[in-house]
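Summary of the model geometry
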Amino acid sequence: MAKLKGVFKRFSQECETADKHQEKELETRYYKVSFDKVYDEVKRYFSGDGYEISSESKDHGEIMITRTKSPKMFLIATVVSTRPMHTALDLKASTDQMVVGGAYPKLKEEIATCYQALAKEMREAEK
């Protein structure tokens, strides 16, 4: 039954991080920097080639991003200040395109890549 569930998950068209996720690489990331620093870094990262920020709300800590490269995706980055100088970042990726072999691995890879790029910037900012 677990294998069957894994097959269905592979074809899921959305992937999101959570505080206690079954998959280690999809756990919420916490940084010891200000809300503004994380929010600005996320915006800077997604202002690059292949992405378009479609909407943002600093009051709610949300940035909506459209990935224009194939496979096209819609991402939501949620930045939350948990306490002074402690900030959490959650990401959700979804697509309405059919991907050969399933969309979930591509969505998961997109989130992991973003987390890796931001981790480097945040480590420098924490110093």
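Only a predicted model underlies this, so the values are computations on that prediction, with no experimental measurement involved.

**Some thoughts on the environment of Y51**
The residue Y51 is located in strand β3 (residues 51-57) in this model. On the basis of relative accessible area, Y51 is assigned to the buried category, the value being 14%. With 16 residues separating them along the chain, Y51 and R67 place their C-alpha atoms 4.5 Å apart. Filtering out sequence-adjacent residues up to four positions away, Y51 remains in contact with Y45, F46, I65, T66, R67, T68, L75 and E110. Among the polar contacts made by the side chain of Y51, one reaches the side chain of E110 at a distance of 2.3 Å.

**Concerning the packing of aromatic side chains**
For the coordinates displayed, the defined rule picks out four aromatic pairs. With a centroid separation of 4.9 Å and an interplanar angle of 85°, the aromatic rings of Y45 and F46 are classed as edge-to-face. For the pair formed by Y45 and F46, the shared burial category is buried. Chaining the aromatic ring pairs together yields one cluster made of Y45, F46 and Y51.

**Quick look at the nonpolar core**
In terms of nonpolar packing, the biggest core is built from 29 residues, with Y31, V38, V42 and L89 touching the most fellow members. Going through the elements one at a time, α2 (35-45), β4 (62-67), β5 (73-83), β6 (86-94) and α3 (104-126) are the ones with two or more residues in this core. Top contributing element to this core by residue count: α3, with seven residues.

**Brief notes about the pattern of salt bridges**
Using the criterion set out here, one finds 10 salt bridges in the structure. The closest approach of N and O atoms between E41 and K37, which form a salt bridge, is 3.3 Å. Residue E41 and its partner K37 are both found in helix α2; the two are separated by four residues, about one turn of the helix. Judged by relative accessible area, E41 falls into the buried class, the value being 8%. The class of K37 is partly exposed, set by a relative accessible area of 31%.

**Thoughts on the pairing of β3**
Looking at chain direction, β3 and β4 are connected through six bridges and run antiparallel. By the bridge assignment for β4, Y51 is matched with R67.

**Details of α2**
Here α2 has its buried residues at F35, V38, Y39, E41, V42 and Y45. In a view along the axis of α2, the buried residues occupy a sector of 165°, so they form one face of it.

Criteria and cut-off values
Residues numbered from 1 in each chain as written. Predicted model: local features only at pLDDT ≥ 70, side-chain atom pairs only at ≥ 80, totals over all residues. Heavy atoms only, no water. Helix = DSSP H or I, 4+ residues; strand = E, 2+ residues; numbered from the N terminus. Buried < 20%, exposed > 50% of the residue type's maximum accessible area, 1.4 Å probe, protein only. Contact = heavy atoms within 4.5 Å. Polar contact = N/O pair within 3.5 Å; in protein donor to acceptor, adjacent residues only side chain to side chain. Phe/Tyr/Trp six-rings, centres within 6.5 Å; stacked < 30°, edge-to-face > 60°. Core = buried A, V, L, I, M, F, W, Y, C linked by side-chain atoms within 4.5 Å. Salt bridge = Lys/Arg side-chain N within 4 Å of Asp/Glu carboxyl O. Pairing = 2+ DSSP bridges. Arc of directions from axis to C-beta.

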